[in-house]
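Chain by chain, the residues run as shown.
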Amino acid sequence: SEWLIYSTWWVGDNVSNLMQSVGASEKVFNLMDLSPSTQFIAKGVKLQSITGHIEFVNVSFHYPSRSTVSVVQHVNFVVHPSEVVAIVGLSGSGKSTLVNLLLRLYEPTSGQILIDGVPLKDLDVKWWRERVGFVGQEPKLFRMDISSNIRYGCTRDVTQEDIEWAAKQAYAHDFISALPNGYETLVDDDLLSGGQKQRIAIARAILRDPKILILDEATSALDAESEHNVKGVLRSVRSDSASRRSVIVIAHRLSTIQAADRIVVMDRGQIVENGSHRELLLKDGLYARLTRKQADAMA
Ligand code: ATP
């Protein structure tokens, strides 16, 4: 069935994470909705290389199970190579849906997504997903040692040194080294905090050296730690100029992403603002309002 196909894809766990996180916020997530994507499996073009240039061109979308509700409407935006772009907006505004479209879990109802100028729908879906690292809100770890958890799903040969490099990038190396058996420690139910799990998942994504990294910041009780993790990753992505990856962050805490190159603000399926933190504050629109509201809530 479709579900089996998805579980064999390494980020398959993240699909179930998407489902979990969607379920957690009591949204309808219908397994049937996943079926349209299967028609793309193992077809399409593999590009020699990509720079990480992403363009949404007039993208609209409604979920197959709710054909009357347009979730994304006429969305246009560009992510330049190596740029860090944050997507913000109230719950239900369509942020995760944009990522679902980019991961090609769904096809836009109209408009298109271009990757280095090539329509995403023409690309080989497996090849494409190998180039995208996705870290969901509740990443799944396995009962294996930490190294194996980081290596999980990586198709190229990696050394222990590579694993530790990825862990350092994800700010996970220090706490791993402090464990009794270091990288050989077995991951058990209570061993790690939510934030530590997230850091291991980030290391797992980075080890694959994706051209495009997508982070969905946790909304739950892990907030503060997750914010710290996401900020850390943004710092390491910036300082590691050799990696040159584009990063998309779905942010729930606006304080996380002030340093993003650009912030895209979603409201009821549409992009209403697009600019840097400073530009958007000056604009004094929805982003400025949300920022003030969060600052008040935390004061
Ligand atoms: P949050 O911050 O709560 O994660 P979001 O901005 O990411 O919200 P989406 O998850 O993209 O918003 O949801 C946009 C709209 O699409 C919502 O009305 C939601 O109920 C609906 N929706 C999301 N996933 C599905 C699905 N699989 N099937 C049908 N409708 C869905």
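Preceding this paragraph is the structure being described.
Residues numbered from 1 in each chain as written. Predicted model: local features only at pLDDT ≥ 70, side-chain atom pairs only at ≥ 80, totals over all residues.

Asker: Teacher, can you tell me more about the overall build of the chain here?
Answerer: Broken down by element type, the chain carries 11 helices and 10 strands. Out of the 299 residues in the chain, the part that is buried amounts to 39%. Of the contacts formed within the chain by residues at least 6 apart in sequence, a portion of 73% connects residues at least 24 apart. (Helix = DSSP H or I, 4+ residues; strand = E, 2+ residues; numbered from the N terminus. Buried ≥ 20, exposed ≤ 12 C-beta atoms within 10 Å, placed from the backbone. Contact = placed C-beta atoms within 7 Å.)

Asker: Looking at this structure, how should I read the sheet that holds strand E4 (residues 110–115)?
Answerer: What links the strands of a sheet is backbone hydrogen bonding, and the strands pair in either a parallel or an antiparallel sense. Taken in spatial order, the 4 strands make up an open sheet running E2-E1-E4-E5, and their pairing is antiparallel. A strand with exactly one partner marks an edge of an open sheet, and here the two such strands are strand E2 (72–79) and strand E5 (118–119). (Pairing = 2+ DSSP bridges.)

Asker: I would appreciate a short explanation of the nonpolar core in the present structure.
Answerer: Note on soluble globular proteins: their nonpolar side chains tend to be buried together. By size, the foremost hydrophobic cluster in this structure holds 67 residues, and its most contacted members are Ala86, Ala170, Ala203, Val249 and Ile263. The element that contributes the greatest number of residues to this core is helix H8 (residues 194–207), accounting for 7 residues. (Core = buried A, V, L, I, M, F, W, Y, C linked by C-beta atoms within 7 Å.)

Asker: What's the story with the environment of methionine 144 in this structure? I'm lost.
Answerer: Its location among the elements puts methionine 144 in the loop between strand E6 (132–135) and helix H5 (146–151). Placed 47 residues apart in sequence, methionine 144 and leucine 191 show a C-alpha to C-alpha distance of 12 Å. For methionine 144, the contacting residues outside a window of four places in its chain are Asn149 and Val187.

Asker: Looking at this model, I keep getting lost on the environment of leucine 114. Mind explaining?
Answerer: Checked against the element boundaries, leucine 114 lands in strand E4. Considered as a pair, leucine 114 and glycine 182 are 68 residues apart in the sequence and their alpha carbons are 42 Å apart. When neighbours within four sequence positions are excluded, leucine 114 is seen to be in contact with Glu55, Val57, Pro119 and Leu120.

Asker: For this particular structure, what's the right way to read unusual backbone geometry?
Answerer: Glycine aside, the phi torsion of most residues is negative, and most peptide linkages are trans. Here the phi dihedral of asparagine 58 falls at roughly 50°; this positive angle occurs in a residue that is not glycine. Tracing the backbone shows asparagine 58 in strand E1 (residues 54–61). A positive phi angle is found at tyrosine 171, which is not glycine, with a value near 55°. Inspection of the secondary structure assignment puts tyrosine 171 in the loop between helix H6 (160–169) and helix H7 (173–177). Owing to 20 C-beta atoms within 10 Å, tyrosine 171 belongs among the buried residues under this scheme.

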